[in-house]
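# A structural walkthrough
Here is how the chains run, residue by residue.
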Amino acid sequence: MSALTDTWGRVATDLRVSLTDRCNLRCNYCMPAEGLDWLPDDTVLTDDEVIRLVDIAVSRLGVTEVRFTGGEPLVRRGLVDIVRRTAALTPRPEISMTSNALGLSRNAQALADAGLDRVNISLDTIRPDTFHEITRRDRLHDVLAGLYAARDAGLGPVKVNAVLLRGVNDDQAPELLRWCVQEGFELRFIEQMPLDAQHAWSRTEMITADEIFARLDQEFTLTPAAEPRGSAPAELFAVDGGPATVGVIASVTRPFCGDCDRVRLTADGQVRNCLFAREESDLRGPLRDGASDAEIAERWVKAVVTKLPGHGINDPSFLQPARPMSAIGG
Ligand code: SAM
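Below, the structure is looked at part by part. (Residues numbered from 1 in each chain as written. Predicted model: local features only at pLDDT ≥ 70, side-chain atom pairs only at ≥ 80, totals over all residues. Heavy atoms only, no water.)

Let us look at the overall build of the protein. The number of helices and strands found in the protein is 10 helices and 14 strands. A compact globule built from 330 residues should have a C-alpha radius of gyration of about 20 Å, and the protein, at 19 Å, falls within 12% of that. Considered along the principal axes of its C-alpha atoms, the protein spans approximately 60 × 45 × 45 Å. Residues classed as buried in the protein amount to 56% of the 330 residues present. Considering only residue pairs separated by 6 or more positions, the protein has 73% of its internal contacts joining residues 24 or more positions apart. A total accessible area of about 13,900 Å² is found for the protein, and carbon and sulfur atoms account for 50% of it. Each charge class in the protein can be summarised by its mean position, and for the 37 positive and 49 negative side chains these summaries are 2 Å apart. (Helix = DSSP H or I, 4+ residues; strand = E, 2+ residues; numbered from the N terminus. Rg over C-alpha atoms; globule rule 2.2 N^0.38 Å. Buried < 20%, exposed > 50% of the residue type's maximum accessible area, 1.4 Å probe, protein only. Contact = heavy atoms within 4.5 Å. Areas by Shrake-Rupley, 256 points an atom, 1.4 Å probe, with all protein chains shown as cover. Lys, Arg positive; Asp, Glu negative; His and termini not counted. Charge placed at Lys NZ, Arg CZ, Asp CG, Glu CD.)

Among the 16 residues in the neighbourhood of the ligand, the closest are listed as Tyr 29, Gly 71, Glu 72, Ser 122 and Met 193. With respect to the ligand, the backbone of Met 193 contributes an N or O atom lying 2.8 Å from a nitrogen atom. In the complex, 94% of the free accessible area of the ligand, which totals 550 Å², lies under the protein chains. Where the shell around the ligand is concerned, the elements lending two or more residues are strand S5 (94–99) and strand S7 (159–163). Of the residues belonging to the shell around the ligand, the class tally is 5 nonpolar, 9 polar and 2 charged. (Near = heavy atom within 4 Å. Polar contact = N/O pair within 3.5 Å; in protein donor to acceptor, adjacent residues only side chain to side chain. Nonpolar A, V, L, I, M, F, W, Y, C, P; charged D, E, K, R; others polar.)

Our next topic: the side chain of Thr 135. Considering the arrangement of structural elements, one finds Thr 135 in helix H4 (residues 128–135). Within the structure, the side chain of Thr 135 is placed 2.8 Å from the backbone oxygen of Phe 131, a separation counted as a polar contact. Residue contacts for Thr 135: discarding those within four places in its chain leaves Leu 25, Arg 26 and Cys 27.

On inspection of all chains with the given rule, the structure shows 25 salt bridges. For Arg 84, the salt bridge is made with Asp 81, and the minimal N-O distance between the two is 3.1 Å. Remark: Asp 81 and Arg 84 occur in helix H2 (residues 79–87); sequence separation between them is 3 residues, near one turn of the helix. Classification of Asp 81 as partly exposed rests on a relative accessible area of 35%. Glu 235 is the salt-bridge partner of Arg 254, the closest N and O atoms lying 3.5 Å from each other. With Arg 254 in the loop between strand S11 (245–249) and strand S12 (262–265) and Glu 235 in strand S10 (residues 235–239), this pair connects stretches of sequence that are 19 residues apart. (Salt bridge = Lys/Arg side-chain N within 4 Å of Asp/Glu carboxyl O.)

So, about the side chain of Thr 245. For Thr 245, the location among the structural elements is in strand S11. With near-sequence residues (within four places) excluded, Thr 245 lies in contact with Glu 186, Leu 187, Leu 236, Phe 237, Ala 238 and Val 239.

Next up on the list: the sheet that holds S11. The 12 strands lie next to each other as S9-S10-S11-S8-S7-S6-S5-S4-S3-S12-S13-S14, forming an open sheet whose pairing is mixed. Looking at which strands have only one partner, the edges of the open sheet turn out to be strand S9 (222–224) and strand S14 (281–282). As paired elements, strand S3 (residues 14–18) and strand S4 (residues 65–69) share 5 bridges and run parallel to each other. Pairing of Asp 14 across the sheet is with Glu 65, part of S4. The strands touched by helix H6 (residues 173–183) are S7, strand S8 (186–190), S10 and S11; relative to S8, the strand with the most contacts, the crossing angle is about 155 degrees. (Pairing = 2+ DSSP bridges. Axes fitted to C-alpha atoms, helices over the stretch in contact; angles between N-to-C directions.)

No statement about biological role is implied by the geometric values presented.
Quick look at the structure:
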């Protein structure tokens with residue numbers, strides 16, 4: 001078996017698979033109100049193509065974790081079947097999903113039965129008015145129903161991902177943490193990154209990890225968690241002595257690229273060796289042209305070798321990738 005190793009010695013074992021670039025929310029730090037030009041249908045990998053590529057990744061390339069994302073993975077019609085077929089692969093990977101939870105209340109159990117192990121749910125506020133301000137939709141109740149359904153279906157530990165926006169929800173960080181602790185969800189704050197379709201991200205406007213800690217310190221005592229961080233993006237802290245924890249993913253101000261073990265597959269079959277990569281490697285073309293598994297695996301290995309040592313956000317020459325987060329797969 002080849003490993004997905006880059007020239008800096010990092011090994012990619014965590015595959016993020018985007019199943020669609022479409023989403024049913026319009027979070028203002030991610031997408032414009034009117035949405036985007038979606039990928040043409042014939043460029044999006046079919047269910048069979050997704051499974052063939054994931055199979056190559058786990059059986060030949062050492063991938064041990066598969067996370068489905070998007071866009072919004074729950075809007076992909078074949079999702080339950082894709083999860084079932086992924087769980088049947090050898091060796092069986094860990095299977096997780098990053099989702100906004102809209103509609104999850106209807107199929108959390110079916111997903112768990114199909115083999116989904118865990119979910120990360122995005123939720124930036126528990127106030128309906130702020131939820132509408134950020135997502136441009138009145139769907140907070142659906143997200144909460146999805147979260148509870150995920151917990152009841154055993155898709156845990158259920159993690160909650162939150163982005164803080166200055167003047168919008170940054171003052172709600174303690175409230176969100178208190179609620180997550182009470183409900184048994186593991187909250188992670190993510191620093192806002194320059195990946196929005198509108199290119200409106202600004203370094204001075206983003207809420208930094210230091211600011212997040214300052215807000216949380218007003219109400220909680222945070223102590224570094226005992227468990228080693230490894231390649232996890234989140235720095236973990238025990239809340240008021242534990243056992244509850246909170247995580248901070250400081251991609252901008254405290255990059256963790258040196259420990260990155262992730263590789264991404266877009267919904268249209270392009271490998272990206274970094275969220276911020278400006279180049280992609282096409283697997284869809286060879287796949288549809290009849291390439292063998294060994295040939296596709298070789299392309300994949302080559303795509304990862306060239307991974308840069310860091311994302312470069314803090315370099316003066318940094319250029320945002322052409323695709324926004326929703327089209328890469330967050
Ligand atoms: N629709 C799914 C969801 O909401 O989780 C999956 C895709 S979404 C792009 C994945 C995560 O990326 C969400 O937690 C979202 O808040 C986050 N995200 C989107 N744009 C971001 C940005 N510019 N900086 C940081 N996180 C962002």
